[in-house]
Every structure is written in C-alpha cells, then in structure tokens.
Amino acid sequence: MGAIGRIMEGLRDRADLPYRVSGRTITVDSVSPQGFSVWLTEGRGESIVGFDGWHEHFDSEDEAFNCFAYGLSDQGRLKVEYRGNLPHRWTLEERTELGWQEVSTTGLLFVPFWRRPRIEYRQNGTIARDELR
C-alpha cells in the first residue's frame, strides 16, 4: 500500500485534518498558527518526512509512517530559530519524563547573522501518537 496510502487510510475519518496529495507527496497543513505542516515524499528506496523546514530521510516505510504520525502528535515539537523574519534552523524536540530533549536539527547554510535572533516553539498535538496506525 505504501506510506501515503496508509496515511490516507488513517486520515479517512478525520475531516478536521484535511490533506493534499501531489505526485508522491502527502501534506497535512497545520490547523493552528502554533503548529506546523507535516509532509511525506515517497521515492525510490527511501521516504522523506518533513515538518516545515525540518526533514529526515528513511529507508523504512514503517519508520517514515511513524515519524509522520509523530509530527501530528503532542509528543514532538519544533524549535524554529529566526534571524529577523527568516527562519533558518528547525530542531525537532521530543517530550520525555525529563522535559523536552533535542532530537535532530536541519538548518540553512547562509543566514543573515546580523539580524536579531528569536526562537518560536511550534506543536501540533492533533492526534494521539498511535491514532494513524
């Protein structure tokens, strides 16, 4: 069936989470300004899952599917770092019993370092982590 088919099946009864499919990519846009979009692209032998500017490559369909569901859950959040109005670094953080822990970071190479830095935290929390299955 593929990860996209599994995601579509899992979202079938969730009218509050509209999605769009374009080619080999499925995207669920954030339902609130405090959230982020979640997307998955299937390729040859790998899938890429992204949360706004953050992304990760997966060889396993199951791992990509689970990461996609994770992005819609309240177990993860994005730390978005800006310089001026330009987002330049996205860090995925995981909720643990010790608080939020950084998992991985994706960033831009060229950044207007002279602009004022600021940080925003974004989180979806629209599904239970295992709701998509």
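Scroll up to find the structure.
Here's a quick rundown of the structure. Just so it is clear, the structure is predicted and the values come from calculations on it, not from any experiment.

## Some remarks on helix H2 (residues 61-72)
Next, step 1: If you check H2, its first and last C-alpha atoms are 17 Å apart, about what 12 residues at 1.5 Å a residue would give, namely 16 Å.
Next, step 2: Looking only at H2, the buried set comprises Ala 64, Phe 65, Cys 67, Phe 68, Ala 69, Tyr 70, Gly 71 and Leu 72.
Next, step 3: Where H2 begins, the capping side chain belongs to Ser 60, and its oxygen is found 3.3 Å from the backbone nitrogen of Asp 62.

## Description of unusual backbone geometry
Next, step 1: Even without being glycine, Asp 52 reaches a positive phi, approximately 50°.
Next, step 2: Assignment of secondary structure puts Asp 52 in the loop between strand E4 (47-51) and strand E5 (54-58).
Next, step 3: On the accessibility criterion, Asp 52 (27% relative accessible area) is partly exposed.

## As for the sheet that holds E5
Next, step 1: Read from one edge to the other, the open sheet built from five strands follows the order E1-E2-E3-E4-E5, with strand pairing classed as antiparallel. Here the strands that pair on one side only, and so sit at the sheet edges, are strand E1 (19-22) and E5. Taken over all neighbouring pairs, the strand axes of this sheet differ in orientation by 15° on average, direction set aside.
Next, step 2: With four bridges joining them, E1 and strand E2 (residues 25-28) adopt antiparallel strand pairing. Looking at E2, one finds that Tyr 19 is bridged to Val 28.
Next, step 3: Docked against the sheet, helix H1 (residues 2-11) engages E1, E2 and strand E3 (38-42), running at close to 145° with respect to E3.
Next, step 4: Seen against the sheet, H2 touches E2, E3, E4 and E5 and runs at an angle of roughly 165° to E3.

The rules behind each value
- Residues numbered from 1 in each chain as written.
- Predicted model: local features only at pLDDT ≥ 70, side-chain atom pairs only at ≥ 80, totals over all residues.
- Heavy atoms only, no water.
- Helix = DSSP H or I, 4+ residues; strand = E, 2+ residues; numbered from the N terminus.
- Expected span 1.5 Å × (residues − 1).
- Buried < 20%, exposed > 50% of the residue type's maximum accessible area, 1.4 Å probe, protein only.
- Polar contact = N/O pair within 3.5 Å; in protein donor to acceptor, adjacent residues only side chain to side chain.
- Pairing = 2+ DSSP bridges.
- Axes fitted to C-alpha atoms, helices over the stretch in contact; angles between N-to-C directions.
- Contact = heavy atoms within 4.5 Å.

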